[in-house]
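Listed below, chain by chain, are the residues.
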Amino acid sequence: AQQGRIREKSYGKQKIYFADQEQLPTATDAELRGLDGQITELSAKVQALQQSCRLMEAELKELNSSMTTPEMAREIEELRKDCASYREKLERIKSASNHVTPEEKEKVCSEQKLFCKEWRRRKRMVT
């Protein structure tokens, strides 16, 4: 500060030191326009890179959430086993000889309705 390279400002008990900008060369209007052009070019590049980065991050997130090839193969194998067991179960059901006929089903349903009706009637008597 005593040599004049940096400046000192006092705010109460605090002191702030900063570079003396009067010693720096002044820029011409052409240089300032050139620097502004560089700033806009670099800002456009930054935006393009940020957009590209967002796209890549989204793709990475999607890939991380999907299954890997070994996991997919394991899942397919499990599904094939389940499918085979269900087919076997279906064949056993189709080949079974102890099916309920529609007449027997109707008889059981009508008896069930009759018993429910009687139960409701008796329940009303008690309460």
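Basis of the calculations
- Think of each chain on its own: its residues are numbered from 1, step by step along the sequence as written.
- It should be noted that, the model being predicted, local features are given only for residues of pLDDT at least 70 and side-chain atom pairs only at 80 or more, the latter also being counted only at that level, while totals for whole chains, interfaces and linings use all residues.
- Derived side-chain values reflect all non-hydrogen atoms in the structure, with water molecules and hydrogen atoms excluded from consideration.
- A run of DSSP states H or I qualifies as a helix once it reaches four residues; a run of E qualifies as a strand once it reaches two. Both are numbered from the N-terminal end.
- Two things to know: the radius of gyration comes from C-alpha atoms, and the globule rule equals 2.2 Å times the number of residues to the power 0.38.
- For every residue, the accessible area obtained with a 1.4 Å probe (protein chains only) is divided by the maximum for its type, and the residue is called buried under 20%, exposed over 50%, and partly exposed between those limits.
- Using a 1.4 Å probe, the Shrake-Rupley method yields the accessible areas, and only the shown protein chains count as cover for residues.
- UniProt positions are given in the numbering used here, feature names are shortened, and annotations may be inferred rather than shown by experiment.
- Two strands qualify as a pair provided that DSSP identifies no fewer than 2 bridges between them.
- Distance and chemistry together define a polar contact, namely a pair of N or O atoms within 3.5 Å, with one atom able to donate a hydrogen and the other to accept it when in protein, and with adjacent residues in sequence counting only for side-chain atoms on both sides.
- By the convention used here, residues are in contact when the closest approach between their heavy atoms is within 4.5 Å.
- Residues form patches when they are more than 30% accessible in relative terms and have no salt bridge. Like charges link within 9 Å. Nonpolar side chains (Val, Leu, Ile, Met, Phe, Trp, Tyr) link within 5 Å.
- Whenever Lys or Arg places a side-chain nitrogen within 4 Å of a carboxyl oxygen from Asp or Glu, that contact is recorded as a salt bridge.
- When two cysteine sulfur atoms lie within 2.5 Å, the pair is treated as a disulfide.

## Notes on the overall build of the protein
And step 1. Within the protein, the secondary structure is distributed over 3 helices and 2 strands.
And step 2. A compact globule built from 127 residues would reach a C-alpha radius of gyration of about 14 Å, whereas the protein, at 43 Å, exceeds it by more than 25%.
And step 3. Within the protein, the proportion of its 127 residues that are buried is 1%.
And step 4. As displayed, the protein has an accessible area near 12,800 Å², and 56% of this comes from carbon and sulfur atoms.

## Looking at the UniProt feature "coiled-coil region" (unreviewed entry) in the protein
And step 1. Sites flagged by UniProt as "coiled-coil region" (unreviewed entry) map to residues 32-96.
And step 2. Its end C-alpha atoms 92 Å apart, residues 32-96 is made of 94% helix and 0% strand.

## Some details on the pairing of strand S1 (residues 6-11)
And step 1. Here 6 bridges tie S1 to strand S2 (residues 14-19), and the two strands are oriented antiparallel to one another. If you follow Lys9 over to S2, its bridge partner there is Ile16.
And step 2. In sequence, S1 turns back onto S2 through a hairpin of 2 residues, with Gly12 there showing a positive phi of about 70°.

## As for the side chain of Asp20
And step 1. Here Asp20 lies in the loop between S2 and helix H1 (29-65).
And step 2. Of the residues examined, Asp20 reaches a relative accessible area of 11% and is grouped as buried.
And step 3. Within the structure, the side chain of Asp20 is placed 3.2 Å from the side chain of Arg7, a separation counted as a polar contact.
And step 4. There is a polar contact of 3.3 Å between the side chain of Asp20 and the backbone nitrogen of Glu22.
And step 5. For Asp20, the contacting residues outside a window of four places in its chain are Gly4, Arg5, Ile6 and Arg7.

## A look at a nonpolar patch on the surface
And step 1. A surface patch of nonpolar side chains, about 280 Å² in accessible area, is lined by Tyr11, Ile16 and Phe18.
And step 2. Residue classification places Phe18 among the partly exposed residues on the basis of a relative accessible area of 33%.

## Describing the state of the cysteines
And step 1. Per the counting criterion, the structure on display carries 0 disulfides.
And step 2. Lacking any disulfide linkage, Cys116 is separated from the closest cysteine sulfur, that of Cys109, by 11 Å.

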